[in-house]
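Residue strings, one per chain:
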Amino acid sequence: DTAVSQTPKYLVTQMGNDKSIKCEQNLGHDTMYWYKQDSKKFLKIMFSYNNKELIINETVPNRFSPKSPDKAHLNLHINSLELGDSAVYFCASSQEGTGGGHGYTFGSGTRLTVV
Amino acid sequence: SQQGEEDPQALSIQEGENATMNCSYKTSINNLQWYRQNSGRGLVHLILIRSNEREKHSGRLRVTLDTSKKSSSLLITASRAADTASYFCATDMDSNYQLIWGAGTKLIIKP
């Protein structure tokens, strides 16, 4: 069983389109995250939810909107995609806010390419 | 913002040698964590060290923390080809809900 699963793994789309990335965790964790990793491997937090409540909303364009229907799911919707949105997006979860004794569990990533 | 900075940015060693990576950070922390990322994969949690700990071991991994110097090191002993990956440190920066990440050290183990 995959602990944190995100779909799709690859996403190629044209500029201006709207797309969604889904994430689910079966670990019973309370906190979920979306990260963006650029081509230089920098990891940037985008959003964090704790028990369906938004607790971190970093400076990202409002074209990015997270949705957490329950604490096991955190989806990311992106409107009007731009070339600069091309990156790898990672979903992660943790039992405690900063990982506690077991750290974060990451999904395998979604490579988004905007053409 | 980037709190942690790993050093070196890249490291290439022969299989069987030891690999040491360093991480420096800027503000007080509750804990520091190390993660591994294989090419094209997500990050995997390796080890967490709390601010009141100085050293921690897990298999071939040894992590040290020096809060006076605001630095940590990750030692991988008897390296294997499978250790080839990028290694990231992350600190909580006294925050409850956010880890701050370094830029990573790319480790290549040559057979």
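Residues numbered from 1 in each chain as written. Chains lettered and ligands numbered in written order. Predicted model: local features only at pLDDT ≥ 70, side-chain atom pairs only at ≥ 80, totals over all residues. Heavy atoms only, no water.

Here the focus is the sheet that holds strand E1 (residues 5-7) of chain B. Residues and elements named next belong to chain B. An order of E1-E3-E8-E7-E6 is seen for the five strands of this open sheet, with the pairing classed as antiparallel. Each edge of the open sheet carries a strand with a single partner, namely E1 and strand E6 (55-58). Taken pair by pair, the neighbouring strands of this sheet meet at an average axis angle of 20°, ignoring direction. Summarising the sheet, E6 and strand E7 (residues 61-66) pair through four bridges and their orientation is antiparallel. Each residue of the ladder has a partner; that of Ser58, found in E7, is Leu61. (Pairing = 2+ DSSP bridges. Helix = DSSP H or I, 4+ residues; strand = E, 2+ residues; numbered from the N terminus. Axes fitted to C-alpha atoms, helices over the stretch in contact; angles between N-to-C directions.)

So, about the interface of chain A and chain B. Between chain A and chain B, the contact holds 26 residues from the first and 21 residues from the second. Here chain A packs against chain B, burying approximately 1800 Å² in sum over the two surfaces, 56% of which is carbon and sulfur. At the boundary of chain A with chain B, the tally comes to zero salt bridges. Our count for the contact surface shared by chain A and chain B stands at three residue pairs in polar contact (both at pLDDT 80 or more). Looking at the side of chain A that touches chain B, the elements that each hand over two or more residues are strand E4 (31-37), strand E5 (43-50) and strand E6 (53-57) of chain A. Residues that form the side of chain A that touches chain B fall into these classes: 10 nonpolar, 13 polar and three charged. (Contact = heavy atoms within 4.5 Å. Buried area = accessible area lost by both parts, 1.4 Å probe. Salt bridge = Lys/Arg side-chain N within 4 Å of Asp/Glu carboxyl O. Polar contact = N/O pair within 3.5 Å; in protein donor to acceptor, adjacent residues only side chain to side chain. Nonpolar A, V, L, I, M, F, W, Y, C, P; charged D, E, K, R; others polar.)

It is worth spelling out the confidence of the model for chain B at this point. Low pLDDT marks stretches whose predicted atomic positions should not be read closely. For chain B, the mean per-residue pLDDT works out to 91, and 92% of the residues sit at or above 70. The least confident element of chain B is E1(B), whose mean pLDDT is 80; the most confident is E7(B), at 98. (pLDDT = per-residue confidence, 0-100.)

Here we come to the pairing of strand E8 (residues 71-76) of chain B. Residues and elements named next belong to chain B. Extensive coverage of E8 is indicated by the burial of five of its six residues. Pairing of strand E3 (residues 19-24) with E8, which is carried by six bridges, proceeds in the antiparallel orientation. Within E8, the residue paired with Cys23 across the bridge is Ser72. Here E7 pairs with E8 via six bridges, running antiparallel. Looking across to E8, one finds that Val63 is bridged to Leu74. What sits between E7 and E8 in their antiparallel hairpin is a turn of four residues, with Lys70 showing a positive phi close to 50°. (Buried < 20%, exposed > 50% of the residue type's maximum accessible area, 1.4 Å probe, protein only.)

A word on the side chain of Gln37(B). Within the secondary structure layout, Gln37(B) lies in strand E4 (residues 31-37). There is a polar contact of 2.9 Å between the side chain of Gln37(B) and the backbone oxygen of Arg41(B). Apart from the residues within four sequence positions on either side, Gln37(B) is in contact with Gln37(A), Lys41(A), Phe90(A), Gly42(B), Leu43(B), Ala85(B), Ser86(B) and Phe88(B).

Turning next to the state of the cysteines. Residue and element names in this part refer to chain A. Per the stated rule, a full pass over the model turns up two disulfides over all chains. In this model, Cys23 is linked to Cys91 through a disulfide, with the two sulfur atoms separated by 1.8 Å. Given an S-S torsion of about -75°, the disulfide between Cys23 and Cys91 has left-handed geometry. With Cys23 in strand E3 (residues 19-25) and Cys91 in strand E9 (residues 87-94), this pair connects stretches of sequence that are 68 residues apart. Note on Cys23: relative accessible area 1%, which makes it buried. Taking relative accessible area as the criterion, Cys91 reaches 0% and is therefore assigned buried. (Disulfide = S-S within 2.5 Å.)

On the surface, Lys9(A), Lys41(A), Arg111(A), Arg41(B) and Lys106(B) cluster together to form a positively charged patch. A residue is classified by how much of its surface remains accessible, and Arg41(B), at 52% relative accessible area, is exposed. (Patch = residues over 30% accessible without salt bridge, like charges linked within 9 Å, V, L, I, M, F, W, Y side chains within 5 Å. Areas by Shrake-Rupley, 256 points an atom, 1.4 Å probe, with all protein chains shown as cover. Lys, Arg positive; Asp, Glu negative; His and termini not counted. Charge placed at Lys NZ, Arg CZ, Asp CG, Glu CD.)

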